[in-house]
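Examination of the molecular architecture
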Amino acid sequence: MSSRRRNLNALVLSGVAAAMLGVSFWSPTLYRLFCQGTGYEGTPKTENVVHSTQTSAAQVTVRFDANVNSALPWRFQPAQREVHLRLGEETLIHYTAANLSDQPITGTATFNVVPDKAGVYFSKLECFCFTEQTLAPGQEVSMPVVFYVDPGLAEDPTTRDVSTITLSYTFYRPDIEPKQPDNTAAIAGTRAVQAGG
Amino acid sequence: MAYGAAAAHDEHEHHPTGWKRWVYSTNHKDIGTMYIVLSMIAALVGGLMSWYIRLELADPGLQFIHDTQFYNVLVTAHGFIMVFFVVMPAMIGGFGNWFVPLMIGAPDMAFPRMNNISFWLTAAGFVLLILSALVGDGPGTGWTVYPPLSSIAYHPGPSVDFGILALHVAGAGSILGAINFIVTIFNMRAPGMTMHRMPLFVWSILVTAFLLLLALPVLAGALTMLLTDRNFGTHFYEVAGGGDPLLWQHLFWFFGHPEVYIIILPAFGIISQIVSTFSKKPIFGYLGMAYAMMAIGVVGFVVWAHHMFTTGIGVNTRAYFTVATLIIAVPTGIKIFSWLATMWGGSIDFKAPMLYAMGFIWLFVLGGVTGVVLANAGIDLSFHDTYYVVAHFHYVMAIAAIFAMFGAWYYWIGKMSGRQYPEGLAKLQFWVFFVGVNVLFFPQHFLGLAGMPRRIPDYPDVYAGWNMVSSIGAAITMVGTLMFFYVVFHTLMAGKKAAANPWGAGATTLEWTVPSPAPFHTHEEMPVIGGGGHAHGGHGQVKPAE
């Protein structure tokens, strides 16, 4: 029962605790990757999305919702309230955004769909939300989104009842600076979250 | 406790006296005693809060608490105090510190100074938590601290930050304590005390320590992110900044579900010791009991989302978490039936600790049955956040844990203080407390089935009847609690001197081979267990544990 072995064990166990702490800080990134991969929590498909090859006769209604964080002096709204489309049909819709302030501002948008379970079948081919958007003072732009709803929606027993999907965006300023400059680790973590939403 | 006598036994020892003996203590028994005293103080504070809550809830309308934020603060503080500063300090820090080294034949914990800092971090955490309720509006977040309610927008004052720091500090203390227990149990067992001969209480503390080590850092990480969200402009949990409040729920419950096993596993260990002692039989299915605890610990990490059935998770996910949760009933059932099988055919001695052990089994089975009900996602959609859940978790972990703590106190107080408790008064205290908690919590099942929501200080008249019954139960429980404190006082002041082993042939573990009260230093010469060796103190051969 040497004290060396005791110390070694204590060191290993401290390592385990430190590793769990590390994983918990890594979890925002893991969580985002998991949601993107599986469509959980209504996360639409945005990566490795191919153009749809087949369409089905089944129809679905897609509604559009827009929100702006109060720190961002923008007006942001969908050009159309809703569209009716066939499953698999590629659709182009627009949002309009206007910078109401007198200086250029960069914004970026987070997004999801409701009901959550439809996320895995909602595929975005092009979206303004994939990149940061910078608007000049007073500038108004039209922001396109190209998407389709996978025909699998009608075949999956858990989503067969879905006839309406709501796509929602929230614009926010990605450049809000933390109050304390020495908080770099947390900031880096935040950036990672913000990059993907 | 009555340590004057203990110190006199070994006057040749050099150890600090007076306040330094306690503040600088590196002795596992003294530190254990301090944990138990801290737990008793915290229990009075947390208990008074719950009685005030029941007083308000006795009648519909707002009679005593007009500031509903204050009601939320009471509910929050009650939960935090009971979980982190009553049950955990008493069972792990208190009885664990006292009896793990005694039971495995070790002279002390592996890292005595770390043991000291563990205790004082816990005590500091308690002070911070009390401060959090006293500054600003107080934290009205519930013990789950869900954002966005806990965000800077809805709790702008410093009280939530105080609460976060309280949990950080207490959590750090618990992690250090967990490392200490694991190293002690792995490296400091006496010759012959193999892992498979360890008393089940030691097993329970070992599994609990691993759960603490794996779960608490996750809480610390989640809390740190909440702290930076609140104070440094990050957006881990804020949708408007690209975060997600559900991330908090996942992280919290990844910690929170193992946490309820951290609370109840040491209770399992205590109940196993008591049932075996007073049935005068070794525990039935020793290995099954040990590995059932391990199984509960492992499965406890993969069931967290059963707290989140109503957050919109998919139906397949809900099916998985339902099934995984139901599986926990299997190792738990092994434990219940093994306790019953230990009692079966035994010559049962109905002393106060045994009454508490049997009371524990009753409460735990009842709470377990409602747990199986709630595990079903379809049913939980209706029962979520109703009083049915309140009744469930108070039965299965809160009151059950308190019963184990009372049982442990009666079981071991002779060893700790050298004085035996008054048996008649203790039995009376048991019956008052047992009737009290059942009258208090059983009607809450009916309230929950009728749809009464949690965490609301007012309710429609239709719920008035059972709420009044429940509050009467709280009053009876209060009498039982005050009786307990009288028993404590009476035992320490006027209790009869306890023999080294007051329980007779059923008590086979090593702590009964040392004198009562246990001397300041024990097992300095290692006892040899099993193969014909003799234990320290010359009380004859020590049988394999249990």
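The structure displayed is predicted, hence computed values, not measured ones. (Residues numbered from 1 in each chain as written. Chains lettered and ligands numbered in written order. Predicted model: local features only at pLDDT ≥ 70, side-chain atom pairs only at ≥ 80, totals over all residues. Heavy atoms only, no water.)

A few points about the overall build of chain A
This is how the line gets drawn: Put simply, DSSP marks the helices as runs of H or I at least four residues long and the strands as runs of E at least two long, and each gets a number from the N terminus on. Relative accessible area decides the class of each residue, using a 1.4 Å probe on protein chains only: under 20% of the type maximum gives buried, over 50% gives exposed, and in between gives partly exposed. The contact criterion used throughout is that any non-hydrogen atoms of two residues lie within 4.5 Å. Only the protein chains shown count as covering a residue, and every accessible area follows the Shrake-Rupley method with a 1.4 Å probe.
When helices and strands are tallied, chain A shows three helices and nine strands. Going from N to C terminus, chain A has its helices and strands arranged as α-β-β-β-β-β-β-β-β-α-β-α. Taking all 197 residues of chain A together, 44% fall into the buried category. Counting only contacts in chain A whose residues sit at least 6 apart along the sequence, the fraction spanning at least 24 positions is 75%. Put simply, chain A shows about 10,000 Å² of open surface, and 53% of that area lies on carbon and sulfur atoms.

Examining the packing of helix α4 (residues 68-104) of chain B against helix α6 (residues 159-187) of chain B
Residue and element names in this part refer to chain B. Going by this rule: To define axes, lines are fitted to C-alpha atoms, for helices over the stretch in contact only, and angles between the resulting N-to-C directions are given on a 0 to 180 degree scale. An angle below 35 degrees is read as roughly parallel, one above 145 as roughly antiparallel, one from 65 to 115 as roughly perpendicular, and any other as oblique. Throughout, a crossing is termed right-handed when the near helix is turned clockwise from the far one, and left-handed when it is turned anticlockwise from it by less than a right angle. Each residue gets one of three labels, nonpolar for Ala, Val, Leu, Ile, Met, Phe, Trp, Tyr, Cys and Pro, charged for Asp, Glu, Lys and Arg, and polar for the others, Gly among them.
Taken N-terminus to C-terminus, the directions of α4 and α6 make an angle of 20 degrees; their axes are 11 Å apart at the nearest point. With respect to α6, the axis of α4 lies roughly parallel. Judged by the twist between their axes, the crossing of α4 over α6 is left-handed. Contact residues: α4 offers Phe-80, Phe-84, Phe-85, Met-88, Ile-92, Gly-96, Asn-97, Val-100 and Ile-104, while α6 offers Leu-167, Ala-170, Ser-174, Phe-181, Thr-184 and Ile-185. The class makeup of the residues in the contact of α4 with α6 is 11 nonpolar, four polar and no charged.

What to know about the interface of chain B and chain A
Convention followed: Here a salt bridge means any side-chain nitrogen of Lys or Arg lying within 4 Å of a carboxyl oxygen belonging to Asp or Glu. We call two N or O atoms a polar contact when they sit within 3.5 Å, provided that within protein one can donate a hydrogen and the other can accept it, with sequence-adjacent residues counted only if both atoms are side-chain atoms.
The interface of chain B with chain A comprises 42 residues on the first partner and 36 residues on the second. Applying the counting rule to chain B against chain A returns zero salt bridges. Put simply, chain B and chain A have two residue pairs in polar contact (both at pLDDT 80 or more) between them. Elements represented by at least two residues in the side of chain B that touches chain A include exactly α6, α7 (200-231), α8 (245-279) and α10 (315-327) of chain B. Residue contributions to the side of chain B that touches chain A peak at 11 residues, all from α7 of chain B. Residue composition of the side of chain B that touches chain A, by class: 25 nonpolar, 15 polar and two charged.

Digging into the sheet that holds strand β2 (residues 74-78) of chain A
Residue and element names in this part refer to chain A. Keep this limit in mind: Here a strand pair is declared whenever DSSP counts at least two bridges between the two strands.
In spatial order, the strands read β2-β4-β8-β6; together these four strands make up an open sheet with antiparallel pairing. Strands at the two margins of the open sheet, each flanked by one partner only, are β2 and β6 (122-127). Neighbour to neighbour, the strand axes of the sheet diverge by 25 degrees on average, direction disregarded. In this sheet, strand β8 (residues 140-149) lies alongside β6 in antiparallel orientation, the contact comprising five bridges.

Comments concerning the environment of Leu-121 of chain B
By the secondary structure assignment, Leu-121 of chain B is in helix α5 (residues 112-134). Residues contacting Leu-121 of chain B, with those up to four places away along its chain left out, are Val-169, Ala-170, Ala-172, Gly-173 and Leu-176 of chain B.

Details of a nonpolar patch on the surface
Spelled out, the test is: Surface patches are drawn from residues lacking salt bridges whose relative accessible area is over 30%; two like charges belong together within 9 Å, two nonpolar side chains (Val, Leu, Ile, Met, Phe, Trp, Tyr) within 5 Å.
On the surface, Trp-19, Val-23, Tyr-24 and Trp-120 of chain B cluster together into a nonpolar patch covering about 430 Å² of accessible area. Inspection of the secondary structure assignment puts Trp-120 of chain B in helix α5.

With respect to the state of the cysteines
Each disulfide consists of a covalent bond between the sulfur atoms of two cysteine residues. All names here are of chain A. To keep things clear, this is the line we draw: Throughout, a disulfide means two cysteine sulfur atoms within 2.5 Å of one another.
Overall, the coordinates contain one disulfide over all chains when judged by the stated rule. The side chain of Cys-127 participates in a disulfide bridge whose partner is Cys-129; the two sulfur atoms lie 2.2 Å from each other. Between Cys-127 and Cys-129 the disulfide shows an S-S torsion of about 130 degrees. By sign, it is right-handed. Of the two residues, Cys-127 and Cys-129, neither departs from the other in class, the shared state being buried.

Remarks on the environment of Tyr-95 of chain A
Residue and element names in this part refer to chain A. Topologically, Tyr-95 is positioned in strand β4 (residues 91-99). Sequence-wise, Tyr-95 and Pro-157 are 62 residues apart; in three dimensions their C-alpha atoms are separated by 32 Å. A distance of 3.0 Å separates the side chain of Tyr-95 from the backbone oxygen of Asp-65, its partner in a polar contact.

Considering the sheet that holds strand β3 (residues 82-86) of chain A
All names here are of chain A. A sheet is described by the order of its strands in space; here five strands give the open sequence β3-β1-β9-β5-β7, paired in mixed fashion. Each of the sheet's edge strands pairs with one partner strand only, and the pair in question is β3 and β7 (133-135). Sheet twist, expressed as the mean angle between neighbouring strand axes with direction ignored, is 30 degrees. In this structure, strand β5 (residues 105-114) lies alongside strand β9 (residues 164-172), joined through seven bridges in antiparallel fashion. For Ala-109, the partnering residue across the bridge sits in β9 and is Phe-171.

Examining the nonpolar core
Which entries qualify depends on this criterion: Only buried residues count toward a nonpolar core. Its members are Ala, Val, Leu, Ile, Met, Phe, Trp, Tyr and Cys residues joined through side-chain atoms within 4.5 Å.
Ranked by internal contacts, the top residues of the largest apolar core, which has 178 residues, are Phe-84, Phe-95, Trp-339, Phe-360, Phe-403, Trp-409 and Trp-412 of chain B. Sequence-distant contacts of Phe-95 of chain B, that is, excluding residues within four places in its chain, are made with Ile-36, Ala-90, Val-100, Phe-201, Ile-270, Met-405, Ala-408, Trp-409, Trp-412 and Met-416 of chain B.

Examining the packing of aromatic side chains
The test is simple: Centre distance within 6.5 Å is the pairing criterion for rings of Phe, Tyr and Trp, where only the six-membered ring of Trp is used; planes under 30 degrees apart are then read as stacked, over 60 as edge-to-face, and the remainder as tilted. Both a distance and an angle decide whether a charge sits over a ring: NZ of Lys or CZ of Arg must be within 6 Å of the ring centre and within 35 degrees of the ring normal.
Considering all chains together, one arrives at 68 aromatic pairs over all chains under this definition. Aromatic pair Tyr-356 of chain B and Phe-403 of chain B: ring centres 5.0 Å apart, planes at 75 degrees, arrangement edge-to-face. Taken together, the positions of Tyr-356 of chain B in helix α12 (residues 352-375) and Phe-403 of chain B in helix α14 (residues 387-417) put the pair 47 residues apart, joining distant regions of the chain. Between Lys-124 of chain A and the ring centre of Phe-111 of chain A, over which it is positioned, the NZ or CZ distance is 3.4 Å.

Remarks on the confidence of the model for chain B
It should be kept in mind that the predicted coordinates are not to be read in detail where pLDDT is low. Residues and elements named next belong to chain B. The condition is simple: Known as pLDDT, the predictor's confidence for each residue is given on a scale from 0 to 100.
Across chain B, the average pLDDT comes to 92, with 94% of residues at 70 or higher. Scored below 50 in pLDDT, residues 531-546 shows 42 contacts in the model against residues more than four places distant or in partner chains. Among the scores for the predicted complex, ipTM is 0.82 and pTM is 0.86.

With respect to the pairing of β4 of chain A
Residues and elements named next belong to chain A. Burial of β4 is extensive: seven of the nine residues sit out of reach of the surface. Taken together, the eight bridges between β4 and β8 define a ladder with antiparallel strand orientation. By the bridge assignment, Leu-92 is partnered in β8 with Val-146.

Quick look at the side chain of Thr-386 of chain B
Looking at the secondary structure, you find Thr-386 of chain B in the loop between α13 (377-383) and α14. Excluding its chain neighbours within four sequence positions, the residues that come into contact with Thr-386 of chain B are Gly-448, Met-452, Pro-453 and Arg-454 of chain B.

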